[in-house]
Protein chains: 2
Amino acid sequence: MNYPNKSKKEYNKFTSYANRGMNLEELLNQSNEYYLLEDKAIIYKKPTPITISEVKYGEKERIITKAYFRTPSTLDYNGIYKGTYLDFDAKETNNKTSFPLQNIHEHQLKHMKSVIAHGGISFLIIYMNTNFYYLDGKNILEFINTNKRKSIPYSYIETHGIIIEQKIKPRLDYLKVIDELYFKEGD
Amino acid sequence: MNYPNKSKKEYNKFTSYANRGMNLEELLNQSNEYYLLEDKAIIYKKPTPITISEVKYGEKERIITKAYFRTPSTLDYNGIYKGTYLDFDAKETNNKTSFPLQNIHEHQLKHMKSVIAHGGISFLIIYMNTNFYYLDGKNILEFINTNKRKSIPYSYIETHGIIIEQKIKPRLDYLKVIDELYFKEGD
């Protein structure tokens, strides 16, 4: 599989014991399939938004012969977990000292803020310095509101982010982090 | 705008006072834009799922030169309203006596059932006999569980469905129906 809708550069391939040569999208898709199979949550990646310009009718099916990529105005993943709406995105950076905010579009930030205001949970999964971090939308918005910086320092992610456990099933157990943050027993 | 990802046949164009020459998808997109603008709900149509096979690099942007349509395994629209997860689809039929169930894929029915089980609201918006009906997922599943028929009779839709009011803003006020069914004051 190639992912021409992403950037030209090679994808990071994560080669720990638990995940051999998969990129972040594949790891999340497998995790979501597992959650679905276990009837734990219903979470899907949204298809890549495109504008279709030309279609021809093949013998068996219609074939798109010209289309353009559109900038998404929402985040890539959404669904329902424990009756609560989830809306999130996955990002990766090779930068070791900070996460560049240009990775998140202005309307995506607005979307995160709105989701939280409506009672949903919004967050980013960030791959950085060989770890997968859960960074809650509330932290991201707080950082942006109190900083003029164009990138989030790694120290902020280490302090406010939570490392997502890598397992066989699911590959990235990010719902476990949500359990800790939002559905802790005794709350 | 053409919609080659739909069937070959012409779209119904609804030409009441409130909506001049728009198809169901356009009416819903405008309604959702209005809800978003009014900060009432965050609901988007998912992009058409496609499998990209060939991409070339144009001067300014990447161009998809070969892609295929995929069958969606979920419903087209989802989001959050009053803290609750919504997941629904829009269908239209020119059939006057019944709504053919072949309009809904098997995995879409499974998805509706699962969404409801997880605490979300799932439904169909059906355009039939010049009305837009809200038909709750619970009714659809109940019909399928108690009938062998391959279509839902119009009488069932008239009895169990709720007519969606057509207005200027929003074009189709389906959230009003949800208010009546799920968020009625005094509940």
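Just so you know, these numbers come straight off a predicted model, no measurement behind them.

Draft legend 1. Spatial organisation of the overall build of chain A. When its secondary structure is counted, chain A shows 5 helices and 12 strands. Counting over 187 residues, chain A shows a buried share of 51%. Considering only residue pairs separated by 6 or more positions, chain A has 61% of its internal contacts joining residues 24 or more positions apart.

Draft legend 2. Geometry of the sheet that holds strand 9 (residues 121–128) of chain B. All names here are of chain B. Within the open sheet, the 6 strands sit side by side as 3-6-7-9-10-12. Their pairing is mixed. What marks the edges here is a single partner per strand, and that holds for strand 3 (41–45) and strand 12 (162–163). Here 7 bridges tie strand 7 (residues 84–92) to strand 9, and the two strands are oriented parallel to one another. Pairing of Asp 89 across the sheet is with Leu 124, part of strand 9. Each of strand 7 and strand 9 touches helix 2 (residues 106–117); the most contacted strand, strand 9, lies at about 135° to it.

Draft legend 3. Structural view of the pairing of strand 10 (residues 131–136) of chain B. Residues and elements named next belong to chain B. Counting buried positions along strand 10 yields 5 of 6 residues, so the element is predominantly enclosed. Summarising the sheet, strand 9 and strand 10 pair through 6 bridges and their orientation is antiparallel. Following the sheet pairing, Met 128 is matched in strand 10 by Asn 131. Taken together, the 2 bridges between strand 10 and strand 12 define a ladder with antiparallel strand orientation. Looking at the pairing, Tyr 134 lines up with Ile 162 of strand 12.

Draft legend 4. Up close: the relation of the copies chain A and chain B. Overlaying chain A with chain B gives an RMSD of 0.0 Å, the required rotation being 180° about an axis along which the chain moves by 0.0 Å. Both chain copies can therefore be described as sitting about a two-fold axis. The rotation axis passes nearest to the C-alpha of Thr65(A) in chain A, at a distance of 2.4 Å. Mapped onto chain B, 100% of the interface residues of chain A are again interface residues, and the two copies thus contact each other with one and the same surface.

Draft legend 5. Spotlight on the confidence of the model for chain A. All names here are of chain A. Averaged over chain A, the pLDDT score is 90; the fraction of residues at 70 or greater is 88%. Contacts for the low-pLDDT stretch residues 1–10, under 50 throughout, to residues beyond four places or in other chains number 18 contacts. Reported for the predicted complex are a pTM of 0.89 and an ipTM of 0.88.

Draft legend 6. Spotlight on the sheet that holds strand 3 (residues 41–45) of chain A. All names here are of chain A. Strand order in the open sheet formed by 6 strands is 3-6-7-9-10-12, and the pairing between neighbours is mixed. In this open sheet, the two edge strands, each paired with only one partner strand, are strand 3 and strand 12 (162–163). Packing against the sheet, helix 2 (residues 106–117) makes contact with strand 7 (84–92) and strand 9 (121–128), and its axis sits at approximately 135° to strand 9.

Draft legend 7. Fine view of the interface of chain A and chain B. If you look at the interface, chain A gives 40 residues, while chain B gives 40 residues. Between chain A and chain B we count 0 salt bridges in total. Seen at the junction of chain A and chain B, the total is 7 residue pairs in polar contact (both at pLDDT 80 or more). Only strand 3, strand 4 (50–57), strand 5 (62–69), strand 6 (77–81) and helix 2 of chain A provide two or more residues apiece to the side of chain A that touches chain B. The greatest single-element share of the side of chain A that touches chain B, amounting to 8 residues, is contributed by strand 5 of chain A. Broken down by class, the residue content of the side of chain A that touches chain B amounts to 18 nonpolar, 14 polar and 8 charged. As paired elements, strand 5 of chain A and strand 5 (residues 62–69) of chain B share 4 bridges and run antiparallel to each other. If you follow Ile64(A) over to strand 5 of chain B, its bridge partner there is Ala67(B).

Draft legend 8. Molecular detail of the side chain of Ser122(A). Residues and elements named next belong to chain A. When you line up the elements, Ser 122 lands in strand 9. Within polar-contact distance, the side chain of Ser 122 engages the backbone oxygen of Asp 87 at 2.9 Å. Setting aside residues no more than four positions away along its own chain, Ser 122 makes contact with Leu 75, Asp 87, Met 112, Val 115, Ile 116, Asp 136 and Gly 137.

Draft legend 9. Region of interest: the pattern of salt bridges. According to the stated counting rule, one finds 6 salt bridges over all chains in the structure shown. A salt bridge links Asp179(A) to Lys82(A); the nearest nitrogen and oxygen atoms lie 2.9 Å apart. Taken as a pair, Asp179(A) in helix 5 (residues 174–182) and Lys82(A) in the loop between strand 6 and strand 7 lie far apart in primary sequence, 97 residues in all. Looking at Asp179(A), the relative accessible area reads 18%, which means it is buried. Looking at Lys82(A), the relative accessible area reads 46%, which means it is partly exposed. For the salt bridge of Lys167(B) with Asp173(B), the shortest nitrogen-to-oxygen distance reads 2.8 Å.

Cut-off values and rules
- Residues numbered from 1 in each chain as written.
- Chains lettered and ligands numbered in written order.
- Predicted model: local features only at pLDDT ≥ 70, side-chain atom pairs only at ≥ 80, totals over all residues.
- Heavy atoms only, no water.
- Helix = DSSP H or I, 4+ residues; strand = E, 2+ residues; numbered from the N terminus.
- Buried < 20%, exposed > 50% of the residue type's maximum accessible area, 1.4 Å probe, protein only.
- Contact = heavy atoms within 4.5 Å.
- Pairing = 2+ DSSP bridges.
- Axes fitted to C-alpha atoms, helices over the stretch in contact; angles between N-to-C directions.
- Least-squares fit on C-alpha atoms with pLDDT ≥ 70 in both.
- pLDDT = per-residue confidence, 0-100.
- Salt bridge = Lys/Arg side-chain N within 4 Å of Asp/Glu carboxyl O.
- Polar contact = N/O pair within 3.5 Å; in protein donor to acceptor, adjacent residues only side chain to side chain.
- Nonpolar A, V, L, I, M, F, W, Y, C, P; charged D, E, K, R; others polar.

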